[in-house]
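An overview of the molecular structure
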Amino acid sequence: MLNVSTKDLVPSPVGPVDVEQAEAALVERYPRLVRIAYLVLPPSLGRNRRVLTAHALVQRSLPRRRVAGPSVPEPRLAEDAVDPGYAYVRSEVLRQALVAGLPLRRLALPSRAQFPPLLPHVWGLRLFPRVGGADELALDQRLSRLSGPGRAAYVLRGLERQGDAEVLRVLAAAGVADPAAALAEADALDGAPELPGEGPGGALPPDGALPPDGGGAGPEGGAAAEPGGPGRSGAGGAGGDRPGPDASGRPDLPGHGGPGPRRSGAALLESDEFDPCALQARPTDLLRRRQHARAGIVAVAALLVCGALLGLPGDGWGRNGAAAPSYARNPAAEAALDPGALKRVDPAVWPASTRQDFSVWPARGALTGDRALLRRALAVWARPGASVRSSATPGTPVGPPMGPPQLLFAGVVDGARVVILHDGLRAVRYAEPVGGTAGAALDFARTDGADAVGSAALVLSRAAGNVRYLTAPWVRETSVRDLLAPGEEARPLGRDAVGVTEPMTSPALAKGCTRWNTLQVRDGSGLRMLADLGELAPARLLWGPPAAPADATGPEAREAWARTACQLSAVRAHGVRSVNAWRFARQPLPEGAGSGTWLCTRAETWRGTGSRVLAQFLVPSSSVPAALAARSEGSPACGVRDPRVLAGVLWQAPGGGWYVLAAGSPDFTALETSGGVKGRSDGPLLAVKAAAGARADLAGTLPDGTRVRALR
């Protein structure tokens, strides 16, 4: 049981310490401080790393600024350090050495002292103190079994000649949680079996014998009495029992075979075995160093080759050639993301403009001045995140704008903030909830080459099965017309002051085909019919020959579209710009069943390719929808370039008989079937009796003798 009072556990008070005072103490007693750090560091680090770490810890112990302290220090005890500067530096060395001995933990933030030191650093050499004898080796092994605080307590008592009370104070100042336990570890080492070579001649004197000078704490090389155990001074003068050198100049230490008195563990702390300032040098592993050098040369060569390849123009890895820096650092691209650089067209521009398209749409909406919203819309357009729901019509590029785009609309619609932008090639719709930015949506639609009708409206919002449009400023009137009810009048559709329509039922979100609402708009030159096919830009509905189609607003067009409207689902979300239907033949039906009608429907796309063609057959009854006879994608048939079309169906007459019916555009001079059903006719019409389920191949002949196969 240690007889130490609570007051004794309080660190000994020292006055303020200046940087110059600490530096003088560090330089003057540098060897002593490095020895303390070397002894406290765990031997498991290895002698080379212990040497370098000890020097690094001492050099890092110099304070950066003046250390504050009580203006009037309390009376110093007899065991206190000689001066406050040395006491402070020694405390810092102990603290860092104890931290360096702690194991690295997975979740704890490592300290700088736990890593190998950056400075001092030695390349190609291993440094370690001089080799001692068996006594030094035995002491080193015993110290390795102590904890860091235990080694610190042993060193303070044996090397610094401090009593128990001062050891407890210094350990507490160095951050040791249980100084008493550390002191008990040091006591246990004192009571362990004697070191090798120790015998009666090395017996320790009784505790409490103090040297005549009161116990010098001094610096390295100062007077030191031979201790009778750590912290317990024995009789004798400075170095009275240290053996002298032999003939070879090496000290006659125990373990070297020479005679002489055996020293205690505390005296061994002063030996060259534990002096990190008197060092020996040996080379590192030469073979391994050679292998590492070769590997380093290969790595540098590989980096040089990769760098050269990255800079190659043309077909090399550097395909950007003379391109500007990446998008985020390109000044022109950065300007495209600046909401202040957005193009805004004045409302007075479009009436006097020679063109009517998206380029003269004014900026509308209540949020056109919300720079934060516009900045988010531009940023998401350029760099949509993983949480952004993005869609684009086929063939539409989804990259960032080429320059500052044009602002068409910014406002709140159906509980969402909506921004519509246009860059000359695409219309882009950005939407985010009013309550935040989570769940943002980004839609792209190609709109290059749009005319006054193609730019008459854009889809602003889809919600709860309804759709809202933003109409062009030249649109005078909007209404809703159901294609499946040609006899009904169009219902008026209201708009607000900026051109946003009221919600209307959208066929793009419907699962069945009981109603097909279209947007009918009136501009300065007439009525237009626009259909929502699930895209940002509605498709224009036309009727008539490919060379001269007209808007499908007349009675005949509405009657035909009423029976073919449900086939529009075949071109939904396909980037459709316009859909034209026209009657290319009327055919008398066998058995006096009346006349059938042949229609060709062609959907043109904004991108110019991928057009879809449908051939349909209509029986005399107006309540029966059109039957799909043939379909093709990418075919020029039924268009301006090739207005010809040929198709056939297997039809059952009211009397129960089956016939192959075929019809072509007026250009055909003869039709012929082969395969399961054989027949031929002069002219563009053909009816051949057939069996149920029969299959036949159809071909036609043009006036120049060219044979044309049926649409497929």
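Presented here is an overview of the structure given in this document. (Residues numbered from 1 in each chain as written. Predicted model: local features only at pLDDT ≥ 70, side-chain atom pairs only at ≥ 80, totals over all residues. Heavy atoms only, no water.)

**Some points on the sheet that holds strand β14 (residues 504–505)**
- Spatial strand order, β10-β11-β14: three strands in an open sheet with antiparallel pairing. Of all strands in the sheet, those with a lone pairing partner are β10 (457–463) and β14, marking the two edges.
- In terms of strand pairing, β10 meets strand β11 (residues 466–471) through six bridges, oriented antiparallel. Paired with A463 across the bridge in β11 is N466. (Pairing = 2+ DSSP bridges. Helix = DSSP H or I, 4+ residues; strand = E, 2+ residues; numbered from the N terminus.)

**Brief notes about the side chain of R481**
- The topology assignment puts R481 in strand β12 (residues 477–482).
- One buried charged residue, R481, forms no salt bridge at all, with the nearest opposite charge on E489 at 4.6 Å.
- Within the local environment of R481, its side chain forms a polar contact with the backbone oxygen of E488, the two atoms lying 3.1 Å apart.
- What R481 contacts, discounting residues up to four positions off in sequence, is P486, E488, E489, A490, W516, N517, T518, Q520, M529 and R558. (Buried < 20%, exposed > 50% of the residue type's maximum accessible area, 1.4 Å probe, protein only. Lys, Arg positive; Asp, Glu negative; His and termini not counted. Salt bridge = Lys/Arg side-chain N within 4 Å of Asp/Glu carboxyl O. Polar contact = N/O pair within 3.5 Å; in protein donor to acceptor, adjacent residues only side chain to side chain. Contact = heavy atoms within 4.5 Å.)

**What about the nonpolar core?**
- Residues V40, V58, L94, L143 and L171 are the most contacted members of the largest nonpolar core, which totals 46 residues.
- Breaking this core down by element, the ones donating at least two residues are α1 (19–28), α2 (30–40), α3 (47–59), α4 (84–100), α5 (134–144), α6 (148–158), α7 (164–173) and α8 (179–190).
- The element that contributes the greatest number of residues to this core is α2, accounting for eight residues.
- Counting 36 residues, the second largest nonpolar core, distinct from the first, contains A445, L493, L536 and A537. (Core = buried A, V, L, I, M, F, W, Y, C linked by side-chain atoms within 4.5 Å.)

**Details of the packing of aromatic side chains**
- For the structure shown, the criterion picks out seven aromatic pairs.
- Seen from their ring centres, F584 and W598 are 6.2 Å apart, and the 45° between their planes marks the pair as tilted. Taken together, the residues F584 in strand β19 (residues 576–588) and W598 in strand β20 (residues 595–605) connect sequence positions 14 residues apart. As far as burial versus exposure is concerned, F584 and W598 are alike and both buried.
- What links up through ring pairs into an aromatic cluster is the set W582, F584, W598 and F617.
- The residue whose ring lies beneath R50 is Y38, and the NZ or CZ to ring-centre distance is 4.0 Å.
- The cationic tip of R364 hangs over the ring face of W361; the distance from NZ or CZ to the ring centre is 5.0 Å. (Phe/Tyr/Trp six-rings, centres within 6.5 Å; stacked < 30°, edge-to-face > 60°. Lys NZ or Arg CZ within 6 Å of the ring centre and 35° of its normal.)

**Description of helix α13 (residues 555–564)**
- Here α13 lies mainly inside the structure; seven of its 10 residues are buried.
- Regarding α13, the residues found buried are A557, R558, A560, W561, A562, R563 and T564.

**Some words on the packing of α2 against α6**
- Running from N to C, α2 and α6 cross one another at 140°; their axes reach a closest spacing of 9 Å. In terms of orientation, α2 and α6 fall into the oblique class. As for how α2 packs across α6, the hand of that crossing is right-handed. Across the interface between the two elements, I36, L39 and V40 of α2 pack against G148, R151, A152 and V155 of α6.
- The class makeup of the residues in the contact of α2 with α6 is five nonpolar, one polar and one charged. (Axes fitted to C-alpha atoms, helices over the stretch in contact; angles between N-to-C directions. Parallel < 35°, antiparallel > 145°, perpendicular 65-115°, else oblique. Left-handed = near helix turned anticlockwise from the far one by under 90°. Nonpolar A, V, L, I, M, F, W, Y, C, P; charged D, E, K, R; others polar.)

Coordinates in, geometry out; function isn't part of it.
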